[in-house]
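Examining the three-dimensional arrangement
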Amino acid sequence: MGYATLLRCRKCGQEFPLKPLNLCEVCLSPLEVIYDYKTISATLSREKIAGGPVSMWRYRDLLPVETEPVDLGTGYTPLVKAPNLGRQLGLDNLYIKNDCLTPTYSFKDRAVAVAVTKAKEFGFDTIACASTGNLAASVAAHAAKTNLKAYVFIPSGLETGKLVGIAIYDPVMVTVDGSYDDVNRLCGKLVQEYKWGFINVNLRPYYAEGSKTLGFEVAEQLGWRAPDCVLAPSASGLLFTRIYKGFEEMAMLGLIPPVKTRMFVTQAAGSSPIVNAFNAGTVHVHPVIPHTIAKSIAIGNPADGFYALRIARQSNGGAYAVPDDEIIAAIKLLAHTEGIFAEAASGVVIASLKKLAASGQIKRHEVTVAYITAAGPRTQEVVADIVKTHTVKPTLESFNQVLGLKK
Ligand SMILES: *Cc1c(COP(=O)(O)O)cnc(C)c1O
Ligand SMILES: [Zn+2]
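Residues numbered from 1 in each chain as written. Chains lettered and ligands numbered in written order. Predicted model: local features only at pLDDT ≥ 70, side-chain atom pairs only at ≥ 80, totals over all residues. Heavy atoms only, no water.

A closer look at the overall build of the chain
Across its full length, the chain holds 15 helices and 13 strands. For the chain, the C-alpha radius of gyration of 21 Å lies close to 22 Å, the compact-globule estimate for 407 residues. A burial count over the chain gives 57% of its 407 residues as buried. Of the contacts formed within the chain by residues at least 6 apart in sequence, a portion of 70% connects residues at least 24 apart. (Helix = DSSP H or I, 4+ residues; strand = E, 2+ residues; numbered from the N terminus. Rg over C-alpha atoms; globule rule 2.2 N^0.38 Å. Buried < 20%, exposed > 50% of the residue type's maximum accessible area, 1.4 Å probe, protein only. Contact = heavy atoms within 4.5 Å.)

See the structure below:
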């Protein structure tokens, strides 16, 4: 049994039953899951959460599932203190939320776990998604685990490692000749023709909720408080909005003090429609054509851009975009200082953090959390130039000759 009660339009407030539906039938705005918070607040406590499973399902009361979840073991990833990186950037209270450590190596497993559970509840036998790569891998893995058929739609030009990382779970892979935004448009048409559960189309309100656990976990791991500053990478903008919703729900339920977190959207300069709108001071997010190595967040027309922008502004946060060369340098910096090999989306976060710390927008003492949303090994080509090895013969003499300490 769960506590979700209905879907509500974020714009006009029209309500709908909990069904596979993404957009308001009146005004075409996105729908959001609403809960019976009164009953939740009567049953939920810090102790109950802390005694739950060591996974995202410790927050099950705040997720819209009714049945036993489809679970690959996602969540409760480490929040690690980052003193080495912090020293370089001039930050005394820097933390990394390391979501490289999920079953398919990106935070998408959180969102997909909820959406696939709903797909089963709604009786779909086939699930599908429009993906920049990471979502496809997660959808395919969850489909395998729960014996559903999966169709994953991806844009052309993805990294080889990512293609293998999807194909290994044996979905039907469809490469669309075009960008992610073309893939998304196609899926918007397919969802009307095929009775499939599209994880990020008709199941999007449920998909969105899974990402809240990235807010819940950080607040719990900081000792039941929201951080002062958050940086997260943005593609459609959804993750960014849900981290904040996670903090706000916890505060509303009295699990943490009121939220004063400043939220910073980060994007690659080659795909930064949300940052552009922030800087232009408008509420309209104008689509762009993406060109960046950060392919997992290369979305030119972000569905939740408007809402991400609003949170960045209202929270007194900001929006920052960084060029590809700084993204690559930041991937290396994170690995050199904290031993975490992340992908380009996280390079975007670290490069932006560097700028924001240097400019004083984030202060030395502030408790700052940088969200690292996917692991690096699947997209190695962006840093392949680093390999430098010393070749020796298997003898002491040879080693001494090449690298040994001189007597
Ligand atoms: C999908 C993704 C994001 C953010 O996605 P949103 O569409 O903004 O929710 C961030 N990082 C990585 C690595 C991703 O795959
Ligand atoms: Zn509406």
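From this point, the narrative continues.
Topic: a nonpolar patch on the surface
On the surface, a nonpolar cluster with roughly 310 Å² of combined accessible area is contributed by Val392, Phe399, Val402 and Leu403. Secondary-structure assignment places valine 392 in the loop between strand E13 (368-372) and helix H15 (396-402). For valine 392, a relative accessible area of 36% corresponds to the partly exposed category. (Patch = residues over 30% accessible without salt bridge, like charges linked within 9 Å, V, L, I, M, F, W, Y side chains within 5 Å. Areas by Shrake-Rupley, 256 points an atom, 1.4 Å probe, with all protein chains shown as cover. Salt bridge = Lys/Arg side-chain N within 4 Å of Asp/Glu carboxyl O.)

Points about the site of ligand 1
Around ligand 1 lies a shell of 16 residues, among which Lys108, Ala235, Ser236, Leu239 and Thr373 are the nearest. A distance of 2.8 Å separates an oxygen atom of ligand 1 from a polar backbone atom of leucine 239. Within the side chain of threonine 373, a nitrogen or oxygen atom sits 2.7 Å from a nitrogen atom of ligand 1. When the free accessible area of ligand 1 is taken as 380 Å², the share hidden by the protein chains comes to 96%. Tallied by class, residues from the shell around ligand 1 come to eight nonpolar, six polar and two charged. (Near = heavy atom within 4 Å. Polar contact = N/O pair within 3.5 Å; in protein donor to acceptor, adjacent residues only side chain to side chain. Nonpolar A, V, L, I, M, F, W, Y, C, P; charged D, E, K, R; others polar.)

Some remarks on the nonpolar core
Ile127, Val139, Ile199, Ile243, Phe247, Met250 and Tyr371 are the most contacted members of the largest nonpolar core, which has 83 residues in total. The residues that make up this core include at least three from each of domain 1 (4-67 + 108-207) and domain 2 (79-105 + 211-386). Beyond its immediate stretch of four places on either side in the chain, methionine 250 contacts Ile49, Tyr59, Phe216, Ala219, Trp224, Leu255 and Ile256. In terms of nonpolar packing, the next biggest core, distinct from the first, is built from 49 residues, Leu94, Ala235, Ala344 and Ala370 among them. (Core = buried A, V, L, I, M, F, W, Y, C linked by side-chain atoms within 4.5 Å. Domains from an automatic or database assignment.)

Points about the environment of leucine 63
Mapped onto the elements of the fold, leucine 63 is located in the loop between helix H2 (46-50) and strand E4 (79-81). For leucine 63 and glycine 2, which are 61 residues apart along the polypeptide, the C-alpha to C-alpha distance reads 7.5 Å. In this structure, leucine 63 is in contact with Tyr35, Met56, Trp57, Val114, Glu209, Gly210, Lys212 and Thr213, ignoring residues within four places of it in sequence.

Some points on the coordination of the zinc ion (ligand 2)
The protein atoms donating to the zinc ion (ligand 2) are Cys9 (SG), Cys12 (SG), Cys24 (SG) and Cys27 (SG), with metal-donor distances spanning 2.3 Å. Look at where the donors of the zinc ion (ligand 2) fall in the sequence and you get C-x2-C-x11-C-x2-C. Of the two residues, cysteine 12 sits in the loop between strand E1 (4-9) and strand E2 (15-16) while cysteine 24 sits in the loop between E2 and strand E3 (31-35), which places them twelve residues apart along the sequence. On the accessibility criterion, cysteine 12 (41% relative accessible area) is partly exposed. (Donors = N, O, S within 2.8 Å, 3.2 Å for Na, K, Ca; no water.)

Notes on the domain arrangement of the chain
On domain assignment, one finds that the chain holds domain 1 (4-67 + 108-207) and domain 2 (79-105 + 211-386). Look at where the C-alpha atoms of domain 1 and domain 2 centre, and you get two points 21 Å apart. Across the contact, 37 residues belong to domain 1 and 40 residues belong to domain 2. Both faces considered, domain 1 and domain 2 share a buried interface measuring about 3,400 Å² in area, 51% of it formed by carbon and sulfur atoms. At the boundary of domain 1 with domain 2, the tally comes to eight salt bridges. For the salt bridge of arginine 110 with aspartate 99, the shortest nitrogen-to-oxygen distance reads 2.7 Å. Here domain 1 and domain 2 share 23 residue pairs in polar contact (both at pLDDT 80 or more) between them. Sorting the residues of the side of domain 1 that touches domain 2 by element identifies E3, helix H1 (37-43), H2, helix H4 (108-121), helix H5 (134-146), helix H6 (160-167), helix H7 (180-193) and helix H8 (204-210) as the ones contributing at least two each. (Buried area = accessible area lost by both parts, 1.4 Å probe.)

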